[in-house]
Each structure stands twice: as structure tokens, then as C-alpha cells.
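# Inside the fold
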Amino acid sequence: MRCVWLAAETDTEGWRREARALLRAGVAPHAVSWGVAGPVGDPRGSGPLDACEPTPGLFDGAPPRDDDDGAPGCAGVPAPRVPAAFPALADSALLHRDPGRFALLYRLLWRLQQEPGLRGDPLDADWLAAQALAQAVHRDQHKMRAFVRFHERPTPLGPQYVAWFEPGHHTLASQAGFFQRRFARMRWAIFTPDASIAWDGHCLHHGGPARRDEIPTEDATQALWLTYYASIFNPARLKLATMAQHMPRKYWHNLPEARLIAPLAAAAAQRAEAMVERPGTLPHRRRTVAMVPADPSHRDPPAAGADPHAALAAVRAQAQACTACAHGRQATQAVAGEGPPGAALMLVGEQPGDQEDLQGRAFVGPAGQLLDRALAEAGIAREAVYLTNAVKHFGFTLRGTRRLHKTPGQQEVLACSRWLDEEIALVQPTRLLALGATAARALLGAAVSVSASRGAPPLRRPQDGLEVHVTWHPAALLRMPPDERERAWPRWVADLRAAASQIGVAR
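Reference entry: report on the structure contained in this document. (Residues numbered from 1 in each chain as written. Predicted model: local features only at pLDDT ≥ 70, side-chain atom pairs only at ≥ 80, totals over all residues. Heavy atoms only, no water.)

Over its 13 residues, helix α13 (residues 366–378) extends 19 Å from the first C-alpha to the last, a length consistent with the 18 Å expected when each residue adds 1.5 Å. Listed as buried for α13 are A367, G368, L370, L371, A374, L375 and A378. Burial along α13 is one-sided: seen end-on, the buried residues are contained in an arc of 155°. In this structure, α13 carries P366, Q369 and R373 as exposed residues pointing more than 90 degrees from its buried face. The inward-facing, buried residues of α13 contact β8 (345–349), β9 (386–389), β12 (431–435), α17 (474–479) and α18 (482–500). Looking one or two places after α13, you find G379, whose phi comes out positive at around 80°. (Helix = DSSP H or I, 4+ residues; strand = E, 2+ residues; numbered from the N terminus. Expected span 1.5 Å × (residues − 1). Buried < 20%, exposed > 50% of the residue type's maximum accessible area, 1.4 Å probe, protein only. Arc of directions from axis to C-beta. Contact = heavy atoms within 4.5 Å.)

The next point concerns the sheet that holds strand β6 (residues 196–199). If you walk across this open sheet you meet the 5 strands as β3-β4-β5-β6-β7, and the pairing is mixed. Only two strands of the sheet have a single partner each, and these edge strands are β3 (151–153) and β7 (204–207). Neighbour-to-neighbour, the strand axes of the sheet open up by a mean angle of 25°, direction not taken into account. Relative to strand β5 (residues 188–191), strand β4 (residues 160–164) runs parallel, the two being bridged by 4 bridges. Looking at the pairing, A163 lines up with I190 of β5. (Pairing = 2+ DSSP bridges. Axes fitted to C-alpha atoms, helices over the stretch in contact; angles between N-to-C directions.)

This next bit is on the pattern of salt bridges. Opposite charge on two side chains permits pairing when their charged atoms draw close. On inspection of all chains with the given rule, the structure shows 23 salt bridges. With a closest N to O distance of 3.2 Å, E338 and R382 form a salt bridge. Of this pair, E338 sits in the loop between α11 (326–330) and β8 while R382 sits in the loop between α13 and β9, and the two are 44 residues apart along the sequence. R461 is the salt-bridge partner of D421, the closest N and O atoms lying 2.4 Å from each other. Taken as a pair, D421 in helix α14 (residues 410–427) and R461 in the loop between β13 (459–460) and β14 (467–471) lie far apart in primary sequence, 40 residues in all. Each of the two residues, D421 as well as R461, counts as buried. (Salt bridge = Lys/Arg side-chain N within 4 Å of Asp/Glu carboxyl O.)

Attention now moves to the state of the cysteines. Counted under the stated rule, the structure contains 0 disulfides. Looking at the unpaired C416, the closest cysteine sulfur is the one in C325, lying at 5.3 Å. On the basis of relative accessibility, which here comes to 1%, the residue C416 falls in the buried class. (Disulfide = S-S within 2.5 Å.)

Here the focus is the nonpolar core. Counting 57 residues, the largest nonpolar core has L345, L347 and L371 as the members making the most contacts within it. Apart from residues lying up to four places away in sequence, L347 is in contact with L371, L375, V385, Y386, L387, T388, L433 and L435. L94, Y106, L109 and W110 belong to the second-largest nonpolar core, a separate cluster that totals 30 residues. (Core = buried A, V, L, I, M, F, W, Y, C linked by side-chain atoms within 4.5 Å.)

One open sheet holds the 5 strands; their spatial order is β9-β8-β12-β14-β13, and the pairing between them is mixed. Of all strands in the sheet, those with a lone pairing partner are β9 and β13, marking the two edges. By the bridge criterion, 4 bridges tie β8 to β12 in an arrangement that is parallel. Bridging across to β12, V348 finds its partner in A434. Here helix α15 (residues 437–444) sits on the sheet and contacts β8, β12, β13 and β14; the angle it forms with β12, its principal contact strand, is near 140°.

We now examine the pairing of β14. With respect to burial, β14 is a largely interior element, 5 of its 5 residues being buried. Across 5 bridges, the pairing between β12 and β14 is parallel. Bridge pairing in β14 places R431 opposite E467. Of the strand pairs in this sheet, β13 and β14 are connected by 2 bridges, and their pairing is antiparallel. Looking across to β14, one finds that R460 is bridged to E467. In textbook terms, the turn of a hairpin is the stretch between consecutive antiparallel strands, and for β13 and β14 this stretch comprises 6 residues, one of which, G465, has a positive phi near 75°.

The following block contains the structure:
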């Protein structure tokens, strides 16, 4: 009997290494016993090991290499061949708590080498058993993502958010990446009876088991969470059996909201009847306020004697306090336009980028640097034009610690239309140049094709009849392959030069 000791219950890499070595040595599954090392000095952690006698030399020291034909019984034996789905299946099934999982998967691996027909037999008992283990692990991983509840704990370094969870299988480490991406800017830790993980904002740390009584289960925000949970409870849609299926009762003792389920369910029938008896309500009609004059050919000039610099500064200050859309509530600051009042040409982009959001200036990131190069080649001084964006706040999706650009939708464009209209009214440009489809839609009130509009006769802004030229946004050129960007560059510079022609902007 060959004994194989794995370093831990989650030592999937060790199982792969030892299984490959066993295959190359020609060791049949019935001649192998698998176990997990226990505490230091006690190698017998789990598994049927009483009848085992270690085989010296086979797994001592460095594991056999795949190309080591000197290992016993492996001369001329090819590397194991398995279906493409087997590695992922094994990685999941090995996280199950079933002590026989290591033997099952090695037996399946052995049979795949000996029985070619096994690949196409979906009803094989070993296949079905491995798939059942993997499915149970997948369910446990999903439940962990759904039912972990963090509580704030003060520390010398600031608040840390800690959670206690009791997974059904060894799934904690496999879900660390999910929580790291989801809560990248928080300091958090998750403790279980088997192990723990902690994120300090920079590194992920793995630790040992914990006890439930060591972890706080309440904090100052819990009352708010319970109030929110009770307020969204819909008694007319209560289905206790379905809820218990998707939120098993074994998780309830770690869920703060579980204490509300019984009283809310008890009052559900009475509340549902009251909802039926209550008279209907009229829908709220949102009143639309016109933001521009009704006459498209008329545009009010600034008031006589008004300082346009002061007026633009006031617009910037008001935009800083705007939270009319999700971008405004998420961004670091509003990024208003910059340039001289009275500039004959106004360039309008989509929204600030990451660097613009941090620095508070328009077009200073990679796209802005590319635009500076193009303006210089077109003979246009940056300080002679007015640069702004249709949306004043940076919208992004967080991926780890990176903020990835998120294209603004119609809601964000409409929320910022006031600031763009006021900038146009105060700067009084002769022409507008829309950089990209979002800017063109904001200026023209309708979607237009950039590829069809660039190089064509200018369009007219319906509010005031201003000429609107359309071209690519500099970020679009940055995304192009190098050869395509090289072909597009002279056409883009020509678009800039055409928009500046005959209005005293181009040198």
C-alpha cells in the first residue's frame, strides 16, 4: 500500500503532482491511500491510514518531474491525457469535505488512461460522483458570496470589516479573489472554523481557524440594515418554502436579518390584505423644464457688463455640488471645461477620465495628450480653444484597485446638459466640435454616426443653430491597432483643421 500525504485539505496542486507521479510509476488506485498531514510532528491527519506503510524514495524530497523517465515503472509512459473539462472538475471536487475525494479523482484519472470509452460515458458512476462533489462545492461558493455579512471593528489602523462564516466545504480560499475585487478599498477579514483570510488594501493574508465567539456579530450599522431589510419585505410575494430553498436555515444563525423573518412572515397575510384594500395611487408626473429658448435661431448673450470668467467659475462651483446622476455621486470631483471665454471653437468630449478626475482638468490623461499632439499638428493652439465634456464626472467600474472607464448613458448626459448649455452660452463659440458619439448626441439631441458624420458638412444644433462638426474621440484612436491608427491619424488632424478653418483659430 502506497501512502500519499497532502499538505492540507485544499492542497489541489499537491494532489495533481502526486497523482501524476503515481500514474507514471504505474500504481493502481486500489494500492494507494490518501491522507492529509496533521499538526507538526503528527503526520496522520485524516484518511484510512492505519494499514499504510510509507514507500521510501517515491515521494520523499522533490517530486518526480514529468520528464523524469528514471522514476520506477514510468519508462516510456506518456503524460496523462484527460478531457478538457477534467482539470476544472478536479479543482472543484477536491474542495469537498468528503474524505474519499482524493481516491475518487485518482481512480477516475487512472481509468481515463486505461479506458478510452470512459470519456464518452456520462452515466459512469465515478464521473457522476465527481460531478456531484463539484456541484456541491459550486453551491457552497455561491452561498458564501451571498450570505457573508461584515461587521465593523475598530482597529489602530482604522475600521476593519470582519465576518464569520461556516462553509460546508473548503471554499474560503477559492472565493478570496471575489471579495478582494468586490471590496478592494476596504480592510476586511473573513473567519471560518477551518481558516481565515484578510485583505489590508494591498495584500491578501491567509490565516488559521477561528472561533465564533472571537468575532463581533453586531455594529452600529446593523440597525440600519435591519430597517432596510424590513422596508423592502413584500408580504404579497412571500414564499417561505422557496426562501428556505435559496437561503437554507443552516445559514440563518449568522444572518442578522434572519431574526426578522418569523415576525414579518407572521404579519404577511394581514399586510397583504391591507394592501389590497388600500385605494390606488396616481402616478407622479415629472414636470419637464425647458433648458433652452424655444426659438432655435436665438441665443441670449451674457448680460451686459457681466464677467464671463466669474460666470464660468460659478458654473464650475455649482457642478461640483451636483449629484443628479450616479457619476456625480461616485467621482472625486466635477471636471468643468477650460479655455478663454469668447473662444471661436469649443471642443466637446465624452466625460473626464481617471487622470482628469484626479487632477480636476479636462483632457490631461493619455487621450488628452494625444489630442494636444493633433492640435499642434493642425496648427491650433490649445489655449485658443475651449475644451470641455458632455458629462462632467468620471464614471467608472472598479476592478481591484483600477478604475475602468464606464460609458455614460442618456441619464448622465441629460443630468449634465445644464452645465454644457451654460458653458456654451457663456463662452459664445462660433463652432462646436463633437469628439465622439456621446458628445454628438449631447449637442444635437439625437444619436448620430461618427463615421458617417465626420468629413461631411456640419450639422446644426437645434437650440441655437450653431455649427457642429463631428470626429473621433482621441480615446477611439488609442484603442485602434497601430496600423489602423496610423491610417486614421491624418484624417483626424484634417477634421480638426477643418473645424478651425475660417474662424481665426488655426495658425
